[in-house]
Amino acid sequence: MDGRAIIFCEGCFGNEYGKTAHGLVRHTDRYAVVAVIDSGFAGRDAGEVLDGRKSGVPVIDSLADAPAADYLVIGFAPDGGRLPRSCRQVVIDAMRRGLGIDSGLHEFLSEDAEFAALARRENVAIRDVRRPPPRGRLHFFSGDILTVRAKRVAVLGTDCALGKRTTATLLVRDLRAAGIGAEMIGTGQTSWLQGVRYGIMLDSIVNDFVGGELEHAIVEADRRESPDVIVIEGQASLTHPAGAGGFEILGSGRPQGVVLQHAPGRRTHSGYPEFPIPPLAVHIDTIESLFASRVIAIGLNPEGLDAGAAAKTAAKLEERHGIPVCDPLTEGTDKLVSATTAL
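Note that this is a predicted model, so its numbers are computed, not measured. (Residues numbered from 1 in each chain as written. Predicted model: local features only at pLDDT ≥ 70, side-chain atom pairs only at ≥ 80, totals over all residues. Heavy atoms only, no water.)

**Remarks on the overall build of the protein chain**
Assigned secondary structure in the protein chain consists of twelve helices and 15 strands. Relative to the 2.2 N^0.38 estimate, which gives 20 Å for 343 residues, the radius of gyration of the protein chain is 20 Å and therefore close to what a compact globule would have. The dimensions of the protein chain, computed from C-alpha atoms along their principal axes, are 55 × 50 × 45 Å. Expressed as a percentage of the 343 residues in the protein chain, the buried residues total 55%. Total accessible area on the protein chain stands at roughly 14,900 Å², and carbon and sulfur atoms take up 49% of it. For the protein chain, the centre of its 37 positive side-chain charges and the centre of its 44 negative side-chain charges are spaced 1 Å apart. (Helix = DSSP H or I, 4+ residues; strand = E, 2+ residues; numbered from the N terminus. Rg over C-alpha atoms; globule rule 2.2 N^0.38 Å. Buried < 20%, exposed > 50% of the residue type's maximum accessible area, 1.4 Å probe, protein only. Areas by Shrake-Rupley, 256 points an atom, 1.4 Å probe, with all protein chains shown as cover. Lys, Arg positive; Asp, Glu negative; His and termini not counted. Charge placed at Lys NZ, Arg CZ, Asp CG, Glu CD.)

**Considering the pattern of salt bridges**
Evaluated as defined, the whole model comprises 20 salt bridges. Measuring nitrogen to oxygen at the nearest pair gives 3.3 Å for the salt bridge that ties Asp70 to Arg4. Within this pair, whereas Asp70 is found in the loop between strand E3 (59-60) and strand E4 (71-74), its partner Arg4 is found in strand E1 (residues 3-8), the two being separated by 66 residues in sequence. Overall, Asp70 belongs to the partly exposed group, its relative accessible area being 29%. Classification of Arg4 by relative accessible area gives partly exposed; the value is 36%. Of the charged contacts in the structure, one is a salt bridge between Asp174 and Arg173, with a shortest N-O distance of 2.8 Å. Note on Asp174: relative accessible area 16%, which makes it buried. What you see here is one network of salt bridges that share partners, running through Asp2, Arg30, Asp102 and Arg127. (Salt bridge = Lys/Arg side-chain N within 4 Å of Asp/Glu carboxyl O.)

**Regarding the pairing of strand E7 (residues 151-157)**
Counting buried positions along E7 gives six out of seven residues, so the element sits mostly inside the fold. Judged from the five bridges that link them, E7 and strand E11 (residues 257-262) form a sheet pairing that is parallel. Among the inter-strand pairings, Leu156 is bridged to a residue of E11, identified as Leu260. (Pairing = 2+ DSSP bridges.)

**Re the environment of Val210**
Within the secondary structure, Val210 is located in helix H7 (residues 207-225). Residues Val210 and Leu105, 105 residues apart in the sequence, show an inter-C-alpha distance of 19 Å. Each residue touching Val210, except ones within four places of it in the same chain, is listed here: Ile200, Leu202, Ile205 and Glu248. (Contact = heavy atoms within 4.5 Å.)

**Considerations on the packing of aromatic side chains**
Overall, the coordinates contain six aromatic pairs when judged by the stated rule. Ring geometry for Tyr31 versus Tyr71: centroids 5.7 Å apart, planes at 65°, classification edge-to-face. Residue Tyr31 is located in strand E2 (residues 31-37), and its partner Tyr71 is located in strand E4; the two are separated by 40 residues in the primary sequence. Residue Tyr31 shares its accessibility class with Tyr71, and that shared class is buried. Centre to centre, the rings of Phe140 and Phe209 are 6.2 Å apart; their planes meet at 85°, and the pair counts as edge-to-face. (Phe/Tyr/Trp six-rings, centres within 6.5 Å; stacked < 30°, edge-to-face > 60°.)

**What to know about helix H4 (residues 113-122)**
Restricting attention to buried positions, one finds in H4 the residues Phe115, Ala116, Leu118 and Ala119. Taken around the axis of H4, the buried residues stretch over an arc of 165°, which confines them to a single face. Residues of H4 that are exposed and point more than 90 degrees away from the buried face comprise Ala113, Arg120 and Arg121. At the N-terminal end of H4, a side-chain oxygen is found 3.0 Å from the backbone nitrogen of Glu114, two or three residues along, and the residue is Asp112. The first or second residue beyond H4 is Asn123, which carries a positive phi of 55°. (Arc of directions from axis to C-beta. Polar contact = N/O pair within 3.5 Å; in protein donor to acceptor, adjacent residues only side chain to side chain.)

**A few points about the nonpolar core**
Counting 48 residues, the largest nonpolar core has Ile6, Phe13, Val36, Leu72, Leu83 and Met95 as its most contacted members. Elements supplying a minimum of two residues to this core: E1, helix H1 (19-26), E2, helix H2 (46-51), E3, E4, helix H3 (88-96) and H4. Take this core: its biggest share by element is six residues, from E2. Excluding residues that lie within four positions of it along the chain, Met95 makes contacts with Ile101, Phe115, Leu118, Ala119, Glu122, Val124 and Ile126. (Core = buried A, V, L, I, M, F, W, Y, C linked by side-chain atoms within 4.5 Å.)

**Some thoughts on the packing of H3 against H4**
Contact geometry for H3 and H4: axes closest at 9 Å, N-to-C directions at 15°. What the angle tells us is that H3 and H4 run roughly parallel. With respect to the hand of their crossing, H3 and H4 are arranged in right-handed fashion. Packed against H3, whose contacting residues are Arg88, Val91, Ile92, Met95 and Arg96, the element H4 presents Glu114, Phe115, Leu118, Ala119 and Glu122 at the interface. Tallied by class, the residues present in the contact of H3 with H4 amount to six nonpolar, no polar and four charged. (Axes fitted to C-alpha atoms, helices over the stretch in contact; angles between N-to-C directions. Parallel < 35°, antiparallel > 145°, perpendicular 65-115°, else oblique. Left-handed = near helix turned anticlockwise from the far one by under 90°. Nonpolar A, V, L, I, M, F, W, Y, C, P; charged D, E, K, R; others polar.)

Shown next, in the form of structure tokens:
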């Protein structure tokens, strides 16, 4: 564990832009999370805000109210990945308090002249976790994926910000609890911040090397850990206009199974109301017709549905598609574990 962390998520906790903070409140092996900054929820428990269950992590009004810590972690992911000017002073104040800065933004804070100079004066580090490796260290796809012994399951989605990473994290946890060796391949900044040991920053790597880097991470996890199952975190969706992700995972990761995360209450792609989400059957057919992968389960995101409507929707989807459906956050992942072990 790297140390104690304050998660800075002003104005974003509890909405789609706060998904990094949400992941860290729910689980991280890298930090002991001591507080979340978001004045809109100050005084409440972060877990209670997210999931209705206390986590012991307080939401506070500002850095001035924060307990002792080692890091300030940027917990929001705005469109475009840049730090808003209104947030600069918080980063400055954190470094003056002796806190290191961990950021998963596309904008590299260590390259900001004011931040870099202050970090040197205060003897603190700025870690830009989305910075890709130098091109000379990147791997090109080799075909070594065919040597991987472990079963591979990818958690993909029909849209962005659906809970793909959360479902993958819970599935790995519960496979291990069942005595099944499991490793996760992270594909984004939040997975790194959660302490996932193997992975890439898929959206920061030059396209020619995405497949090779993904293959390399999977092969390394298989050779070093000898797991029974490797779970690959998905990114964006196959059809999102600003983030058409998943094809690289299917093409280069060659998963035998896919858990497809889906929010039945959504009609259009996140942030783009003019782009409708294709029917779930279209996503399933695309995956299974283009790749040697089978959709083995659906992870339900019940946003916009009450408990009764979510249960009825899940039952209808199970009947229509003939595969198990569950909300991993509220129901657990027993159905996903069974579907995975049946591969």
